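Coordinates in review
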Amino acid sequence: MPLLNLDKITAGLSTTWSGFRRDWDRSLRSGNYPETTRYNYLLAAAQLGRYLGEYSPDPDADAAAEDPVEVTRAHVEAFQAWMIETRSASTALNKHKGLQQFFKWLMLDEGGIDRSPMERVRQPKTP
């Protein structure tokens, strides 16, 4: 049974988030990325989208929960802090790296954004 189940990963997310992640997965597959790397990258983006829609205290997160083009640095930093509080700094670091790749792809390959919201987000320090 394959590790990567896009339908399960994208469950409960907006069609815009799901569409971008399906396109990104196609791009990762064409680059011959291993399935575990693809899974970790796609999961990080899905978790950010879910956080924005379900857990973010920021009232401005609604637009970002619908469309990743609307994600800001503040959204990513809040997500990263939430990951540290609810999981661990190591998990937050893993998500940070996946999100860097997602927003890099969104900016360079898709042309959806002019600047990555990850541009000045610091990596979490791990113990």
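Keep in mind it's a predicted model, so treat the numbers as computed, not measured.

Some remarks on the overall build of the chain
Of the regular secondary structure elements, the chain holds 6 helices and 0 strands. Starting at the N terminus, the α and β elements of the chain follow one another as α-α-α-α-α-α. Taking 2.2 N^0.38 as the reference for a compact globule, 127 residues should give roughly 14 Å; the C-alpha atoms of the chain span a radius of gyration of 14 Å, in line with that estimate. Along the first, second and third principal axes, the C-alpha atoms of the chain reach 35 × 35 × 25 Å. For the chain, with 127 residues in total, the buried portion stands at 43%. Within the chain, contacts between residues at least 6 apart in sequence are counted, and of these 67% link residues at least 24 apart. Averaging the locations of the 16 positively and 17 negatively charged side chains of the chain gives two centres separated by 9 Å.

Here we look at the environment of aspartate 23
By the element assignment, aspartate 23 lies in helix 2 (residues 15-30). Its relative accessible area of 25% is what places aspartate 23 among the partly exposed residues. Taking the C-alpha atoms as reference, aspartate 23 lies 9.9 Å from leucine 106; in sequence the two are 83 residues apart. Those residues in contact with aspartate 23, other than ones at most four positions away along the chain, are Trp105 and Glu110.

Brief notes about the pattern of salt bridges
Evaluation of the coordinates by the stated rule reveals 6 salt bridges. Between aspartate 7 and arginine 22 there is a salt bridge, with its nearest N and O atoms 2.8 Å apart. On the criterion of sequence distance, the pair formed by aspartate 7 in helix 1 (residues 6-10) and arginine 22 in helix 2 is long-range, its members being 15 residues apart. Relative accessible area serves as the criterion here: at 34%, arginine 22 is assigned to the partly exposed category. Of the charged contacts in the structure, one is a salt bridge between aspartate 23 and arginine 26, with a shortest N-O distance of 3.2 Å. One end of the pair is aspartate 23 and the other is arginine 26, both in helix 2 and 3 residues apart, which spans about a single turn.

Looking at unusual backbone geometry
At asparagine 32, a residue that is not glycine, the phi angle is positive and equals roughly 60°. Here asparagine 32 lies in the loop between helix 2 and helix 3 (35-54). Owing to a relative accessible area of 67%, asparagine 32 belongs among the exposed residues under this scheme.

With respect to the packing of aromatic side chains
Between two aromatic rings, the relevant description is the distance of the centres plus the angle of the planes. Using the criterion set out here, one finds 12 aromatic pairs in the structure. Linked through ring pairs, Trp17, Phe20, Trp24, Tyr33, Tyr41, Phe102, Phe103 and Trp105 together constitute an aromatic cluster.

Looking at helix 6 (residues 89-108)
Compared with the 28 Å implied by 1.5 Å per residue over 20 residues, the 28 Å span of helix 6 between its first and last C-alpha is a close match. Where the residues of helix 6 are buried, they touch helix 2, helix 3 and helix 5 (73-86).

So, how was this worked out
Residues numbered from 1 in each chain as written. Predicted model: local features only at pLDDT ≥ 70, side-chain atom pairs only at ≥ 80, totals over all residues. Heavy atoms only, no water. Helix = DSSP H or I, 4+ residues; strand = E, 2+ residues; numbered from the N terminus. Rg over C-alpha atoms; globule rule 2.2 N^0.38 Å. Buried < 20%, exposed > 50% of the residue type's maximum accessible area, 1.4 Å probe, protein only. Contact = heavy atoms within 4.5 Å. Lys, Arg positive; Asp, Glu negative; His and termini not counted. Charge placed at Lys NZ, Arg CZ, Asp CG, Glu CD. Salt bridge = Lys/Arg side-chain N within 4 Å of Asp/Glu carboxyl O. Phe/Tyr/Trp six-rings, centres within 6.5 Å; stacked < 30°, edge-to-face > 60°. Expected span 1.5 Å × (residues − 1).

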